[in-house]
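Read off the chains here:
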Amino acid sequence: MDLEKHPQKPVAPAEPHAGIRASDADRDRIADILREALALGRLDAEEHSERIDAVYRAKTMGELEPLVKDLPATSTTARPAAAHTYGPDDETGPAESMVAIFSSSTRKGRWRVGRRTNAFALFGSIEIDLTEAIFAQRTTVINATAIFGSIEVRVPENISLRGGGTGVFGNFEVSTLEGTDAEAPVVVVNGYSVFGSIEAKPKRGKFIADLNRRLRKHLGH
């Protein structure tokens, strides 16, 4: 074959930032674009749910950007910044841990939720009740592992609840919830169960009332 008459096409270079690890702020930005697309009818509920699940599973920018490639950017109308409501995020802080081995562990009542919580149940049970908790950051991630055990997560009805995981001879169930308030907290539950159960869902009749006032009072604003 004559290479001069049939030159090879150059390979398109990969996006320079595709391999960069995605931050919580990056995921929130993509989720906002998807939320607006749903409101404007560009996505139906099923498409929105599938893409939102993928957003919070994404590890790199290369996994995030294709989810909104066919959508316009969010409205240019300025929104009030949420940072002052939630206070500064501590992305480097240690994760909270809850462990139940042949025992039970419960967290409920009025308490300050950390950015990340690791829950591990081995022949035991863990209950995480967020219905009266104070969210000092917008996104809270719970990594759950249940082996011959159970982990239950309960949230208020007016926040966003997302997640993804696997059950091997067990159950993993997250009742996806999308808060109507754009500034509402987001709880993401990830994990897997082996001969166990992981369940996350809203608790009926429980709401975060007057979100901004409560958070500002707690944070001293």
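See the structure printed just above.
In short, a report on the structure. (Residues numbered from 1 in each chain as written. Predicted model: local features only at pLDDT ≥ 70, side-chain atom pairs only at ≥ 80, totals over all residues. Heavy atoms only, no water.)

## Remarks on the packing of helix 1 (residues 24-39) against helix 2 (residues 45-55)
Between helix 1 and helix 2, the shortest axis-to-axis distance is 10 Å and the interhelical angle comes to 180 degrees. When the interaxial angle is binned, helix 1 and helix 2 end up roughly antiparallel. Every residue of helix 2 that contacts helix 1 at Arg27, Ile30, Ala31, Leu34, Arg35 and Leu38 is listed here: Ala45, His48, Arg51, Ile52 and Val55. For the contact of helix 1 with helix 2, the per-class residue count stands at seven nonpolar, one polar and three charged. (Axes fitted to C-alpha atoms, helices over the stretch in contact; angles between N-to-C directions. Helix = DSSP H or I, 4+ residues; strand = E, 2+ residues; numbered from the N terminus. Parallel < 35°, antiparallel > 145°, perpendicular 65-115°, else oblique. Contact = heavy atoms within 4.5 Å. Nonpolar A, V, L, I, M, F, W, Y, C, P; charged D, E, K, R; others polar.)

## Examining the environment of Asp181
Mapped onto the secondary structure, Asp181 falls in the loop between strand 10 (171-174) and strand 11 (186-194). The exposure class of Asp181 is partly exposed, given its relative accessible area of 37%. Placed 22 residues apart in sequence, Asp181 and Ile159 show a C-alpha to C-alpha distance of 7.7 Å. (Buried < 20%, exposed > 50% of the residue type's maximum accessible area, 1.4 Å probe, protein only.)

## Description of helix 1
In this model, helix 1 (16 residues) spans 22 Å end to end at C-alpha, consistent with the 22 Å of a helix rising 1.5 Å per residue. Counting buried positions along helix 1 yields 12 of 16 residues, so the element is predominantly enclosed. Those residues of helix 1 lying buried are Asp24, Asp26, Arg27, Asp28, Ile30, Ala31, Asp32, Ile33, Leu34, Arg35, Glu36 and Ala37. Phi for Gly41, located one or two positions after helix 1, is positive at around 85 degrees. (Expected span 1.5 Å × (residues − 1).)

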